[in-house]
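Okay, here's what each chain looks like letter by letter:
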Amino acid sequence: MTRDAKLLPDTGEPGFGVYVHWPFCAAKCPYCDFNSHVRHQPVDQERFTAAFLKEMASMRALSGPKTVTSVFLGGGTPSLMKPETVSAILDGIARHWHVPDGIEITMEANPSSVEAERFRGYRAAGVNRVSMGVQALNDRDLKFLGRLHNVDDALKAIRLAREIFPRMSFDLIYARPNQTVEEWERELRQAISYAVDHLSLYQLTIEEGTPFYGLHKAGKLIVPDGDQSALLYEATQEITEREGMPAYEVSNHARPGAESRHNLTYWRYGDYAGIGPGAHGRLTHGPKKLATATERKPETWLELVESDGHGIADQEMLGYDEQADELLLMGLRLKEGIDLVRWRQFSGRDLDPEREGFLLEHGFIERLGNSRLRCTPAGMLILDSVVADLAR
Ligand SMILES: C[S@@+](CC[C@H](N)C(=O)[O-])C[C@H]1O[C@@H](n2cnc3c(N)ncnc32)[C@H](O)[C@@H]1O
Ligand code: SF4
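Keep in mind that what you see is a predicted model, and the values were worked out from it rather than measured.

Chemist: Describe the nonpolar core, and please don't skip the residues or the numbers.
Modeler: Judged by nonpolar contacts, the single largest core of 100 residues is most densely connected at I93, W97, F119, M132 and F170. In terms of residue count, helix α5 (residues 151–164) provides more of this core than any other element does, eight residues in total. Two domains share this core, each providing at least three of its residues, namely domain 1 (16–266) and domain 2 (336–392). Those residues within four positions of W97 in sequence are excluded, and the remaining contacts are F16, V18, M56, M59, R60, S63, G64, K66, V68, A273 and I275. The next biggest cluster of nonpolar side chains, apart from the first, holds six residues, and it includes A258, L264, W267 and L334.

Chemist: Please provide a residue-by-residue account of the site of ligand 2, values included.
Modeler: Neighbouring ligand 2 are the residues C25, A27, K28, C29, Y31, C32, S36, G76, T77, N110 and R147. Here the shell around ligand 2 is composed, by residue class, of five nonpolar, four polar and two charged.

Chemist: Lay out a negative patch on the surface in plain terms, naming residues and giving numbers.
Modeler: On the surface, D314, E316, E322 and D325 cluster together into a patch of negative charge. Breaking the negative patch down by element, the ones donating at least two residues are β12 (312–317) and α11 (320–331). Position of D314 among the secondary structure elements: in strand β12. Given a relative accessible area of 52%, D314 falls into the exposed group.

Chemist: How would you summarise the site of ligand 1 if you had to cite specific residues and measurements?
Modeler: Every one of the 18 residues lining ligand 1 counts as a neighbour, but G76, N110, Q135, R147 and D171 are closest to it. One nitrogen or oxygen atom from the side chain of D171 is found 2.5 Å from an oxygen atom belonging to ligand 1. With the chains in place, 92% of the 560 Å² that ligand 1 exposes on its own is no longer accessible. At the level of secondary structure, the elements contributing two or more residues to the shell around ligand 1 comprise β3 (104–109), β4 (129–135), β5 (167–174) and β6 (198–203). Looking at side-chain class alone, the shell around ligand 1 contains six nonpolar, eight polar and four charged residues.

Definitions and limits used
Residues numbered from 1 in each chain as written. Chains lettered and ligands numbered in written order. Predicted model: local features only at pLDDT ≥ 70, side-chain atom pairs only at ≥ 80, totals over all residues. Heavy atoms only, no water. Core = buried A, V, L, I, M, F, W, Y, C linked by side-chain atoms within 4.5 Å. Buried < 20%, exposed > 50% of the residue type's maximum accessible area, 1.4 Å probe, protein only. Helix = DSSP H or I, 4+ residues; strand = E, 2+ residues; numbered from the N terminus. Domains from an automatic or database assignment. Contact = heavy atoms within 4.5 Å. Near = heavy atom within 4 Å. Nonpolar A, V, L, I, M, F, W, Y, C, P; charged D, E, K, R; others polar. Patch = residues over 30% accessible without salt bridge, like charges linked within 9 Å, V, L, I, M, F, W, Y side chains within 5 Å. Areas by Shrake-Rupley, 256 points an atom, 1.4 Å probe, with all protein chains shown as cover. Salt bridge = Lys/Arg side-chain N within 4 Å of Asp/Glu carboxyl O. Lys, Arg positive; Asp, Glu negative; His and termini not counted. Charge placed at Lys NZ, Arg CZ, Asp CG, Glu CD. Polar contact = N/O pair within 3.5 Å; in protein donor to acceptor, adjacent residues only side chain to side chain.

This is how it looks when you write it as structure tokens:
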């Protein structure tokens with residue numbers, strides 16, 4: 001893939017993204033319920049590469065010819081992939097779909113698995129944006145989060161990413177046990193000073209089935225309550241806005257024009273092909289979207305792809321109501337809100353005027369001209385109930 005083309009501007013269209021999932025990590029973080037697995041034997045990357053390419057052909061058959069607007073290599077820890085693996089995947093994508101120069105090609109990376117030579121290899125393969133899981137900027141909290149890196153490693157990785165890639169983002173997890181607003185504000189300001197143009201700032205969520213879930217249930221891990229979380233969230237909005245990196249989505253902040261094109265496709269309810277173990281896809285067929293989900297377990301997925309050409313475990317044409325709910329759930333996370341014409345297209349109906357009126361009156365949503373609707377800052381704080389109200 002071409003390396004040097006200038007990033008194409010955001011057209012505001014939902015777009016078509018290709019997601020590829022690398023399902024392995026060096027260690028499992030105690031808060032994480034993503035499809036990530038630890039293997040003590042080396043992973044056979046050649047075998048996985050062949051399977052990615054095979055499944056890609058099946059997804060191409062389902063999507064039809066398309067112009068790709070973004071690629072995302074997520075995980076797991078994709079920075080454990082060899083550059084040759086990344087190169088083969090990106091070349092495969094360009095053989096199956098039309099890939100214009102200058103589209104966003106992101107790869108997730110862990111600071112503990114960053115190496116200059118591999119980073120240069122990813123860049124040569126076509127990656128032009130890195131999203132790094134920094135999570136915290138103090139060693140005590142990194143340890144608590146079970147991370148393999150310390151602050152020094154994180155800063156080195158950030159420096160290297162800034163040197164090699166034109167675009168870079170990093171993730172932090174806040175609302176940690178006992179975290180005060182003052183501590184978080186200090187850490188966030190420091191993060192902004194290292195950032196290029198994009199930051200993902202997630203509140204710690206306790207996911208079922210994780211070690212943190214057990215500790216939380218046993219009363220041994222106490223996370224900030226609703227009021228404290230709201231204070232932390234508000235401080236996050238205030239500081240990032242003041243520093244020129246406002247939220248364009250609940251947890252994502254960017255300088256204008258530096259928003260993640262790939263994630264915008266999800267939130268604008270565009271189409272995407274999901275390749276690899278546990279990847280999800282949404283592919284438009286007429287007025288409906290086909291939802292695909294592949295087998296999560298890496299080795300089972302591998303065998304399925306080798307025998308059947310794909311690892312799809314679930315495939316379903318979504319109904320109008322499901323599409324309507326998904327569009328709301330994704331779109332109301334965005335500052336730009338949802339396009340009501342698209343809502344009508346996918347739902348086959350108009351929003352219930354009574355419910356909309358109620359939320360408008362109480363200042364939880366607002367209209368942007370005639371054709372857009374979005375959450376107000378007050379609505380964002382209770383996003384789940386706003387969505388539930390409109391979706392019913
Ligand atoms: C799938 S991970 C991939 C990034 C990379 N593997 C890493 O962790 O460095 C994407 C991001 O989700 C966030 N995340 C995962 N579990 C979370 C949780 N329970 N609460 C809040 N954020 C979480 C982390 O910030 C993480 O960087
Ligand atoms: S490194 Fe990332 S994907 Fe892997 S377990 Fe930790 S948070 Fe999850």
